[in-house]
There are 2 protein chains.
Amino acid sequence: MGLTRRQFLTRVGDAGGYSAAFIAMQGLGLMEARATEVPELMAAPASGHGTKVVILGGGISGLVAAYELRKLGYSVTVLEARNRPGGRNWTVRGGDKVTFTDGTTQTCTWGEGSYQNFGPARLPSAHTNILGYCHKLGVELQVEVNMTNSAFLQNDNANGGKPEMMRRVVNDTRGHVSQLLSKCVKTGALDQDLSSEDKDKMLSFLRVYGPLDLGGKYNGSERAGYSELPGAGDKAGTINPAIDLHTLLDERFWQGMMFDQQFDMQATMFQPVGGMDRIPYAFAKELGSIIKYECPVTEIRKTGAGVTITYMEKGASKQISADYCLNGLPLTQLKKIPNDLSAPYKQVIDATTYASAYKIAWESRRFWEQDQNIFGGLEFCNVGCSPIWFPSAKMFSPRGVLVSGYTDETNSPFSKLTMPQKFDESRKSIERLHPGFGKELEKPMYVTWGRIPYNEGSWIRGYGQPEHPVTTQPSAAGGSVNQGYETLCQPDGPIIFIGDHVSHIVAWQEGAALSGLRGVQLLTERVKAARLASPFATQGREAVAV
Amino acid sequence: MGLTRRQFLTRVGDAGGYSAAFIAMQGLGLMEARATEVPELMAAPASGHGTKVVILGGGISGLVAAYELRKLGYSVTVLEARNRPGGRNWTVRGGDKVTFTDGTTQTCTWGEGSYQNFGPARLPSAHTNILGYCHKLGVELQVEVNMTNSAFLQNDNANGGKPEMMRRVVNDTRGHVSQLLSKCVKTGALDQDLSSEDKDKMLSFLRVYGPLDLGGKYNGSERAGYSELPGAGDKAGTINPAIDLHTLLDERFWQGMMFDQQFDMQATMFQPVGGMDRIPYAFAKELGSIIKYECPVTEIRKTGAGVTITYMEKGASKQISADYCLNGLPLTQLKKIPNDLSAPYKQVIDATTYASAYKIAWESRRFWEQDQNIFGGLEFCNVGCSPIWFPSAKMFSPRGVLVSGYTDETNSPFSKLTMPQKFDESRKSIERLHPGFGKELEKPMYVTWGRIPYNEGSWIRGYGQPEHPVTTQPSAAGGSVNQGYETLCQPDGPIIFIGDHVSHIVAWQEGAALSGLRGVQLLTERVKAARLASPFATQGREAVAV
């Protein structure tokens, strides 16, 4: 679902995988559609008084959960391994350091105002929960331009590698499709499919859709742009000639052109002004000392009454006990931490696999804006680093940061290259799509999530299968595909899993936020149930509405 | 060209006219494509010293011309009838008055920060000249969201009037088209059109384009959105079922859905932060006392040496003489002003017709954002006021100003209604597309350009034909369609026409800016030629580089 939706993006540029992944997504999407609802968050104010919760990880899921639990009166502690909140929501600016698990360190030297979101970098308007938190917390948003018609598509293996503009590819493709279909309608090939009335309507429609002339031919279109723009006086403009169908098919241009039609990629999209990390920092400001930074978790134990978590702080091992634990740690980390999780969970966690998506970002003069009239948006090439992603921040300013390469590199030939070789590949993609401009790229930064401490993965790729499925889990549609996922969705005693990997919107902040809300809901229901079951427990808390 | 391109927009909502206008545009576009170039602006610094120019009208064309001529050292005066610069570039805010030619007056009572651009309201990224001036003059720009997939399309006459979301209409339409074409490819209906290899490629392509399943069927798509969104835990989401083809064809939904495919409407688009009039006010700040406000022109006379313009100022008739005149007045006004224009020009001007586009704008709680998740973009209905246009300014703030109705109302039944009836119609369109929200609309403002003093028209619809074509005009492709236009493109002695109506980008600021630049170019060439021809003239100006 979310996973394959994300793969859809990240496999763009991988000629073989794209359409297969896409069709898989469609299939899965329909297959997994179920009506089971997570109930709305309903818990009484102050119902958390006297209950302690420890939250592992200060990413979006942990921050959302802490924010909501605090409001309900719970005593909350967030243990965060890093010196910053946000997890993969990470914005790098001049002066920041990027250190890999092997110690390799890059220091960012970009100028004032330049930044890159190396994790999530856009907020679809359909992601109402995370947008709602932005609004609540005063995080200023601006439009993220996810598609611009002036962007280019390119394929090394066809057409001499010449890039073509999005508006030409999209509109000429539709024109040819319309012309062919118009012909079929006229020649009677669809007489069994369309009524006589619908045939007429279809022909009218195709004339606009193509657009086609009255004879049903596609003769190019102003939609595909101009080789010479219209102007004043006798400058009437010259429309681009139509790219022929054979070239369009041969180039497999459609691998990039359908990108912005995905639900999560459709306009209108947003980004926080100044960097995506404005979101976790806004949560952190609210939460204050609830978040304990530089406190990596080293042990997770169940006790009769709840959990005891061991963590490091300033070189010393410390412990915290709580009634419940919301566990937002990446499973890559969890599998390395000694824990008391039940066997089915351990089996799933041990067997999960993670992607290692990377981004390479460069500072540069904004040649794309100043010389090529491209403002925001993404571009795709079939070979090499792809996509290219232009900044929606500070358009019209002299310099900016672009991405050249944003893909899961796991097991790819690219992953075997040295960092300088990767930068060369990244620059080459700019040169493919924007000949002559590759040399303007400066100060590259490379983040690959598989090598980032405390993550070692960008998002979950596959859920392991438990040998003994959790018995409390009501049997779903019957398929075993998601049994690992479904196991993680169930609390393991006092431990409840949160994080985008416990959602159908993997790799998106919305999934993380919703998993945090769901974790809070499950927790409050247990607290309520426990109180109802135990008159003694209730007696000591008579002032608390349940 | 530009005219029909604009008509394309304004006729959306007019069921009969749309596809005809569109096809006309395509035809004209190809027909009028010519390679004749207006040369780049090339004139020596200070070459204007000693030459006086009077510019009629302080709209964008006049402002651009004044700005450029002043830089070249010309002595420039702009006569502007109103107390503000910008002409149709007009932003209305709380406290502003709108007065029609018959004296009808509306006073705007919108709150702080609310505004509406009643003239031009967007800047396509392809309009590099006007964007360049924004950049030069420090006009801050923000993205104008011209299309959002969450917007609605609606047709009273089909489907019980139920609105459908843009993402469903666009993606289900493509799905059905792809399925039909896939079938035709498979059944051999296109064997004469496609090689065996291209047939295979076409089928692969259509599987992604549709998207189609491996059997070539369109089964709906996540691109078309969800009836229930995916979430955390077991909330896998439910994809919208595909709208059937018959409904899509019957509803003529495509009348709105192709809107943002037009070249001038494609992403990325911009608007000035705070209102479109930031542009003319930025010019005005630069030009200072060069612009004379509240000075309507009453007479235009040629003299042996140039022109003498009579105008009113504070109740008194005044005159200004100049070597040249750049005439940016709307032709609706020019035809009423006594003048010395040559016969062919008068004939053309007298015969021109203008559109009267209107906009009705309302202040409201942002129900579209808060309750319907729509951020910016346009919506279309087939009957009644259309389109609806949501603000891209100050998204996420509590209240905003939306447009319901933006069309040429010339000779329409709508034009016969009273203003309160028009407001009723406008509110009804909101109710059609957003049932239950019509009642939230407040403080309507109605601007129809045909009734605005000093314009009396929104943009030119038709150019008259001169009985005696201007002989200095080199014969073009031979057609007579644009002879009126071509006449206006030629200087009439010392008088040079500027304005978007002397461009192929009618009704856009880019056309106005380019016409201003063209006017300056024609003028500087004449000045240079006159100096080269007259040694006496040159003697008196030996310090001036020509």
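Let me begin by describing the structure that accompanies this report. Worth saying up front: this structure is predicted, and the values here are computed from it rather than measured.

**A word on the overall build of chain A**
- Helices and strands together make up the secondary structure of chain A, namely 16 helices and 26 strands.
- For chain A, the proportion of its 546 residues judged to be buried stands at 63%.
- Element-wise, carbon and sulfur atoms account for 53% of the exposed surface of chain A, whose accessible area totals about 19300 Å².

**Looking at the sheet that holds strand β7 (residues 123-124) of chain B**
Residue and element names in this part refer to chain B.
- An order of β7-β13-β8 is seen for the three strands of this open sheet, with the pairing classed as antiparallel. Two strands close off the open sheet at either side, each with one partner strand: β7 and β8 (141-144).
- Relative to strand β13 (residues 269-272), β7 is paired through two bridges, and the arrangement is antiparallel. If you follow Leu123 over to β13, its bridge partner there is Phe270.

**Some remarks on the pattern of salt bridges**
- Per the stated rule, a full pass over the model turns up 54 salt bridges over all chains.
- Note that Asp102(B) is salt-bridged to Arg451(B), the shortest N-O span being 3.1 Å. Placement of Asp102(B) in the loop between β4 (97-99) and β5 (105-107) and of Arg451(B) in the loop between β24 (442-448) and β25 (459-462) is noted, with a sequence separation of 349 residues between them.
- For Asp102(B), a relative accessible area of 51% translates into the label exposed.
- What makes Arg451(B) partly exposed here is its relative accessible area of 29%.
- With a closest N to O distance of 3.5 Å, Lys292(B) and Glu313(B) form a salt bridge. Highlighted residues: Lys292(B) in strand β14 (residues 291-292) and Glu313(B) in strand β16 (residues 307-313), separated in sequence by 21 residues.
- Overall, the relative accessible area of 16% leaves Glu313(B) in the buried class.
- Residues joined in a network through salt bridges with shared partners are Glu363(A), Arg399(A), Glu442(A) and Lys443(A).

**Focus on the interface of chain B and chain A**
- Counting residues at the interface gives 100 residues for chain B and 100 residues for chain A.
- For the pairing of chain B and chain A, the buried interface totals around 9000 Å² over both sides, and the portion due to carbon and sulfur atoms is 63%.
- Counting the contacts that link chain B with chain A gives two salt bridges.
- The partner of Lys183(B) in a salt bridge is Asp193(A), with the nearest N and O atoms 2.7 Å apart.
- Along the contact surface separating chain B from chain A lie 30 residue pairs in polar contact (both at pLDDT 80 or more).
- Here the side of chain B that touches chain A takes 10 residues from helix α5 (residues 166-186) of chain B, the largest share from any one element.
- Per-class residue counts for the side of chain B that touches chain A are 52 nonpolar, 30 polar and 18 charged.

**Some remarks on the relation of the copies chain B and chain A**
- Rotating chain B by 180° and translating it 0.0 Å along the rotation axis places it on chain A, where the RMSD comes to 0.0 Å. Both copies are brought into coincidence by an operation consistent with a two-fold rotation axis.
- Counting the interface residues of chain B, we find that 100% of their copies in chain A are interface residues as well, pointing to one common contact surface.

**Overview of the environment of Ser196(B)**
- By the secondary structure assignment, Ser196(B) is in helix α6 (residues 196-209).
- The spatial distance from the C-alpha of Ser196(B) to the C-alpha of Glu510(B) is 47 Å, given a sequence separation of 314 residues.

**As for the packing of aromatic side chains**
- Tallying each qualifying case throughout the model produces 42 aromatic pairs over all chains.
- A ring pair is formed by Tyr345(B) and Phe497(B), whose centres lie 5.6 Å apart and whose planes are at 10°; its orientation type is stacked. Separated by 152 residues along the polypeptide, Tyr345(B) in helix α11 (residues 343-351) and Phe497(B) in strand β26 (residues 495-497) bring together distant segments of the chain.
- Classification of Tyr345(B) by relative accessible area gives buried; the value is 3%.
- Take Phe497(B): its relative accessible area is 2%, and that puts it in the buried class.
- Through successive ring pairs, a cluster of aromatic residues spans Phe100(A), Tyr358(A), Trp362(A), Phe414(A), Phe423(A) and Tyr446(A).

**Digging into the pairing of strand β1 (residues 52-56) of chain B**
Residue and element names in this part refer to chain B.
- Here β1 lies mainly inside the structure; four of its five residues are buried.
- Pairing geometry for β1 and strand β2 (residues 75-79), over five bridges, is parallel. Bridged to Ile55 within β2 is Val78.
- A crossover links β1 with its parallel partner β2, the connecting element being helix α3 (residues 60-71), and its sense is right-handed.

**With respect to the side chain of Gln154(B)**
Residues and elements named next belong to chain B.
- Mapped onto the fold, Gln154 is located in strand β9 (residues 152-154).
- Taking the relative accessible area as the measure of exposure, Gln154 reaches 2% and is therefore buried.
- A distance of 2.9 Å separates a polar atom in the side chain of Gln154 from a polar atom in the side chain of Asp156.
- A distance of 3.0 Å separates a polar side-chain atom of Gln154 from the backbone oxygen of Gly161.
- Among residues more than four places away in sequence, those in contact with Gln154 are Gly161, Lys162, Pro163, Phe253, Phe380, Cys381, Asn382, Arg432 and Leu433.

**Concerning the sheet that holds strand β16 (residues 307-313) of chain A**
All names here are of chain A.
- Read across the sheet, three strands follow the order β15-β16-β17 without closing on themselves; strand pairing throughout is antiparallel. Two strands in the sheet have a free side with no partner beyond their single neighbour: β15 (297-302) and β17 (316-322). Across the sheet, the mean angle from the axis of one strand to that of its neighbour is 20°, orientation sign disregarded.

**Looking at the environment of Gln421(A)**
- Looking at where Gln421(A) falls in the secondary structure, it is placed in helix α13 (residues 419-433).
- The sequence separation of Gln421(A) and Ala282(A) amounts to 139 residues, and the corresponding C-alpha distance is 38 Å.

**Describing α11(B)**
Residue and element names in this part refer to chain B.
- Buried within α11 are the following residues: Pro344, Tyr345, Val348 and Ile349. Projected down its long axis, α11 shows its buried positions confined to an angular sector of 130°, all on one face.
- Among the structural elements, α10 (331-334), α14 (483-488) and β26 are those in contact with the buried residues of α11.

**What about unusual backbone geometry?**
Residue and element names in this part refer to chain A.
- Residues Ser386 and Pro387 are joined by a peptide bond in cis, for which omega reads -10°.
- Here Pro387 lies in the loop between β21 (378-381) and β22 (388-389).
- The backbone of Asn373 shows a phi angle near 65°, a positive value even though the residue is not glycine.
- Secondary-structure assignment places Asn373 in the loop between α12 (367-370) and β21.
- With phi around 50°, Glu456 is a residue other than glycine that occupies positive phi space.
- Structurally, Glu456 can be placed in the loop between β24 (442-448) and β25 (459-462).
- Relative accessible area serves as the criterion here: at 28%, Glu456 is assigned to the partly exposed category.

**Re the state of the cysteines**
- For the structure shown, the criterion picks out zero disulfides over all chains.
- In this structure Cys489(B) is a free cysteine whose sulfur lies 16 Å from that of Cys325(B), the closest cysteine sulfur available.

**Brief notes about the side chain of Thr524(B)**
Residues and elements named next belong to chain B.
- Tracing the sequence through the fold places Thr524 in helix α15 (residues 509-533).
- A polar atom in the side chain of Thr524 sits 2.9 Å from the backbone oxygen of Gln521.
- Discounting residues that sit within four places of it in the chain, Thr524 has contacts with Ala43, Leu72 and Tyr74.

**A few points about the packing of helix α5 (residues 166-187) of chain A against α5(B)**
- Contact pair α5(A) / α5(B): the axes reach a minimum separation of 10 Å and the direction vectors enclose 60°. Classified by the angle their axes make, α5(A) and α5(B) are oblique. Considering how the two elements wind past one another, α5(A) and α5(B) form a crossing that is left-handed. Where α5(A) approaches α5(B), its residues Val177(A), Leu180(A), Leu181(A) and Cys184(A) are matched on the opposing element by Val177(B), Leu180(B), Leu181(B) and Cys184(B).
- In the contact of α5(A) with α5(B), the residues fall into eight nonpolar, no polar and no charged.

**Concerning α3(B)**
Residue and element names in this part refer to chain B.
- Here α3 spans 17 Å end to end across 12 residues, near enough to the 16 Å set by a 1.5 Å rise per residue.
- Within α3, 10 of the 12 residues are buried, which leaves the element mostly enclosed by the surrounding structure.
- Every buried residue of α3 is listed here: Ile60, Ser61, Gly62, Leu63, Val64, Ala65, Ala66, Tyr67, Glu68 and Leu69.
- One or two positions beyond α3, positive phi appears at Gly73, with a value near 95°.

**Describing the packing of helix α3 (residues 60-71) of chain A against helix α15 (residues 509-533) of chain A**
All names here are of chain A.
- Viewed as axis vectors pointing N to C, α3 and α15 meet at an angle of 40°, and their least axial separation amounts to 7 Å. Comparing their axes, α15 and α3 come out oblique. Of the two elements, α3 crosses α15, and the hand of that crossing is right-handed. Side by side, α3 and α15 meet where Ile60, Ser61, Val64, Ala65, Glu68 and Leu69 of the first sit next to Gln509, Ala512, Ala513, Ser515, Gly516, Leu517, Val520 and Leu523 of the second.
- Tallied by class, residues from the contact of α3 with α15 come to nine nonpolar, four polar and one charged.

What counts, and where the lines are drawn
- Residues numbered from 1 in each chain as written.
- Chains lettered and ligands numbered in written order.
- Predicted model: local features only at pLDDT ≥ 70, side-chain atom pairs only at ≥ 80, totals over all residues.
- Heavy atoms only, no water.
- Helix = DSSP H or I, 4+ residues; strand = E, 2+ residues; numbered from the N terminus.
- Buried < 20%, exposed > 50% of the residue type's maximum accessible area, 1.4 Å probe, protein only.
- Areas by Shrake-Rupley, 256 points an atom, 1.4 Å probe, with all protein chains shown as cover.
- Pairing = 2+ DSSP bridges.
- Salt bridge = Lys/Arg side-chain N within 4 Å of Asp/Glu carboxyl O.
- Contact = heavy atoms within 4.5 Å.
- Buried area = accessible area lost by both parts, 1.4 Å probe.
- Polar contact = N/O pair within 3.5 Å; in protein donor to acceptor, adjacent residues only side chain to side chain.
- Nonpolar A, V, L, I, M, F, W, Y, C, P; charged D, E, K, R; others polar.
- Least-squares fit on C-alpha atoms with pLDDT ≥ 70 in both.
- Phe/Tyr/Trp six-rings, centres within 6.5 Å; stacked < 30°, edge-to-face > 60°.
- Right-handed = clockwise from strand over helix to strand, strands pointing away.
- Axes fitted to C-alpha atoms, helices over the stretch in contact; angles between N-to-C directions.
- Arc of directions from axis to C-beta.
- Disulfide = S-S within 2.5 Å.
- Parallel < 35°, antiparallel > 145°, perpendicular 65-115°, else oblique.
- Left-handed = near helix turned anticlockwise from the far one by under 90°.
- Expected span 1.5 Å × (residues − 1).

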